[in-house]
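If you want the building blocks of each chain, they are given just below.
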Amino acid sequence: MYKPISRILNSSLLLILIGTFGSIVYYLKAAPSLTPVVILTPVPLVSDPSVPDTGWSRLQPGLERRVIQVYDNQNGRVESVYIWRLDQKYFRMDVAFDGTPKSLQTWQKETNAALVINGGYFSIENKRYFADGLTIVDGKASGSSFDGFGGMLAIDQSGAELRWLIQKPYNSSEPLQAALQSFPILVQPGGQLGFGAERENNARARRTVIGQDKQGRILLLVAPEGYFTLHQLSVYLTASDLNLDIAVNLDGGGSTGILVADPREIIPSKVLLPFVILVYAR
C-alpha cells in the first residue's frame, strides 16, 4: 500500500528537481550577453566580528592597526571600521597614476609599497582617466585645484600634510613632490565636524578616508560594508577617540580598497584603480 505512494512521491520530487535544473540551465543560456566587467577575487579579512574593538596592535615599528565594529540602535552590527596609523618618522607617502588602471595587488607588486590604498575621485573621457581636482605625481602637476571646497594630501621633503583647501589653498609655487585632492572634508582642522546634517543626502556607500591626528600621524580608514552616509561618518569620526585634527573623504563605493604587504591583509576594491596612495618604509 505505501510502496507505490512512496514511488510516486519520489518520482514527483525527481521531476521537480529536473525541471528546476532545466530552468537554471535555460536561464544561463538565454540570459542576454552583458558587457564584461572586472571581478576582483576577494581575500578574507583578518578580523573577528565578535570583538567590538581590537584596540591598537603594533604591526611593525611606526605602523599600527585597529578594527572597530559599529552597531546600530538595535545592537546589530552594521559596519567594520579598519584603521591603520602611520608614524611619519618611519614611513613616507607618495601618489601614483597609470593610464591603465590596476588592481591593488598589481600596484603593490610593481611599486613594492608597504601599503596601497585607493585615491580620490576620477573621471573617464574618451577612455582616458584623469583625477577630479589637482594631482601631483613625481613633482608634475595636472588638473585644476578645487576652489572653495575639499581637502588635499600634500607631500614634500619634510613629509605628508592634510589640508582643508578653504583654509590653505594650493599654491603653484610650492615645491611639492606629490599631492592628491578629494572631498568632502569630514573633520575640519581642530577636530570639528566637517559635514553637517544640512548636507545629508542619506546615500550609504563603502568609504575610504585619510586623516591626520593631532600628533601628525596619518590614519587610513576603510569601512567596506557600505553602512555610512557622509554625515554619519563625519559625526562618527569627530566623536571618536582617534584624536583627529583633520579627515578627508576619498573615493568610495567600488573604489574602496587597501592592501598591506606585511603582515599581508587586503580589502579588495571592486574596480581597477588609476590613482593610488602609496606608503613606503623609510
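What this report covers is the structure whose coordinates are included nearby. (Residues numbered from 1 in each chain as written. Predicted model: local features only at pLDDT ≥ 70, side-chain atom pairs only at ≥ 80, totals over all residues. Heavy atoms only, no water.)

**Some points on the overall build of the chain**
Part 1: Looking only at helices and strands, the chain features three helices and 20 strands.
Part 2: Here the chain holds 282 residues, and 43% of them are scored as buried.
Part 3: Taking contacts inside the chain between residues at least 6 apart in sequence as the whole, the part at least 24 apart equals 68%. (Helix = DSSP H or I, 4+ residues; strand = E, 2+ residues; numbered from the N terminus. Buried < 20%, exposed > 50% of the residue type's maximum accessible area, 1.4 Å probe, protein only. Contact = heavy atoms within 4.5 Å.)

**A word on unusual backbone geometry**
Part 1: Residues phenylalanine 183 and proline 184 are joined by a peptide bond in cis, for which omega reads -5 degrees.
Part 2: Turning to its location among the elements, proline 184 is positioned in the loop between β12 (178-182) and β13 (185-188).
Part 3: Cis rather than trans, the peptide bond between aspartate 262 and proline 263 has omega equal to -5 degrees.
Part 4: Mapped onto the elements, proline 263 comes out in the loop between β18 (258-260) and β19 (265-267).
Part 5: Here the phi dihedral of asparagine 112 falls at roughly 60 degrees; this positive angle occurs in a residue that is not glycine.
Part 6: Topologically, asparagine 112 is positioned in the loop between α2 (104-111) and β5 (115-118).
Part 7: We classify asparagine 112 as exposed; its relative accessible area is 62%.

**Focus: the packing of aromatic side chains**
Part 1: Taken as a whole, this structure holds nine aromatic pairs when the rule is applied.
Part 2: When the centroid spacing of 5.3 Å and the interplanar angle of 45 degrees are considered together, the rings of phenylalanine 228 and tyrosine 236 count as tilted.
Part 3: In this structure tyrosine 236 comes out as partly exposed when scored by relative accessible area, which is 21%.
Part 4: Site record: aromatic cluster; members linked through ring pairs are Tyr121, Phe146, Phe149 and Phe183.
Part 5: Taking NZ or CZ as reference, arginine 85 lies 3.9 Å from the ring centre of tryptophan 56, over its face.
Part 6: For the cation-ring pair, arginine 204 lies above tyrosine 227, with the distance from its terminal atom to the ring centre recorded as 4.8 Å. (Phe/Tyr/Trp six-rings, centres within 6.5 Å; stacked < 30°, edge-to-face > 60°. Lys NZ or Arg CZ within 6 Å of the ring centre and 35° of its normal.)

**Examining the nonpolar core**
Part 1: With 30 residues, the main nonpolar core has Met93, Leu153, Ile210 and Leu220 as its most contacted residues.
Part 2: Once residues lying within four places of it in the same chain are set aside, the contact partners of methionine 93 are Leu153, Ile155, Ala160, Ile210, Ile218, Ile277, Leu278 and Val279.
Part 3: If you look at the next biggest cluster of nonpolar residues, it comprises 19 residues, including Val70, Phe195, Ala223 and Phe228. (Core = buried A, V, L, I, M, F, W, Y, C linked by side-chain atoms within 4.5 Å.)

**Considering the environment of leucine 272**
Part 1: Inspection of the secondary structure puts leucine 272 in the loop between β19 and β20 (273-281).
Part 2: Leucine 272 sits in the partly exposed class, given a relative accessible area of 29%.
Part 3: Put simply, leucine 272 and serine 255 are 17 residues apart on the chain and 7.5 Å apart in space, counted from C-alpha to C-alpha.

**Quick look at helix α3 (residues 230-239)**
One turn of the α-helix equals 3.6 residues, which is why residues spaced by three or four share an orientation.
Part 1: Buried residues of α3: Leu230, His231, Leu233, Ser234 and Leu237, and no others. One face of α3 carries all of its buried residues, which in axial projection span an arc of 160 degrees.
Part 2: Contacts from the buried residues of α3 go to β13, β14 (192-193), β15 (207-213), β16 (218-223) and β17 (244-249). (Arc of directions from axis to C-beta.)

**Quick word on the side chain of glutamate 174**
Part 1: Tracing the backbone shows glutamate 174 in the loop between β11 (159-164) and β12.
Part 2: A polar side-chain atom of glutamate 174 sits 2.5 Å from a polar atom in the side chain of arginine 163.
Part 3: Once residues within four sequence positions are removed from consideration, glutamate 174 is found in contact with Arg163 and Pro169. (Polar contact = N/O pair within 3.5 Å; in protein donor to acceptor, adjacent residues only side chain to side chain.)

**Remarks on the pairing of strand β6 (residues 122-125)**
Part 1: As paired elements, β6 and strand β7 (residues 128-131) share four bridges and run antiparallel to each other. Residue pairing in the sheet places phenylalanine 122 in a bridge with alanine 131 of β7.
Part 2: The antiparallel pairing of β6 with β7 creates a hairpin that spans two residues between the two strands, and asparagine 126 there sits at a positive phi of about 50 degrees. (Pairing = 2+ DSSP bridges.)

Purely geometric stuff here, so don't read any function into it on its own.
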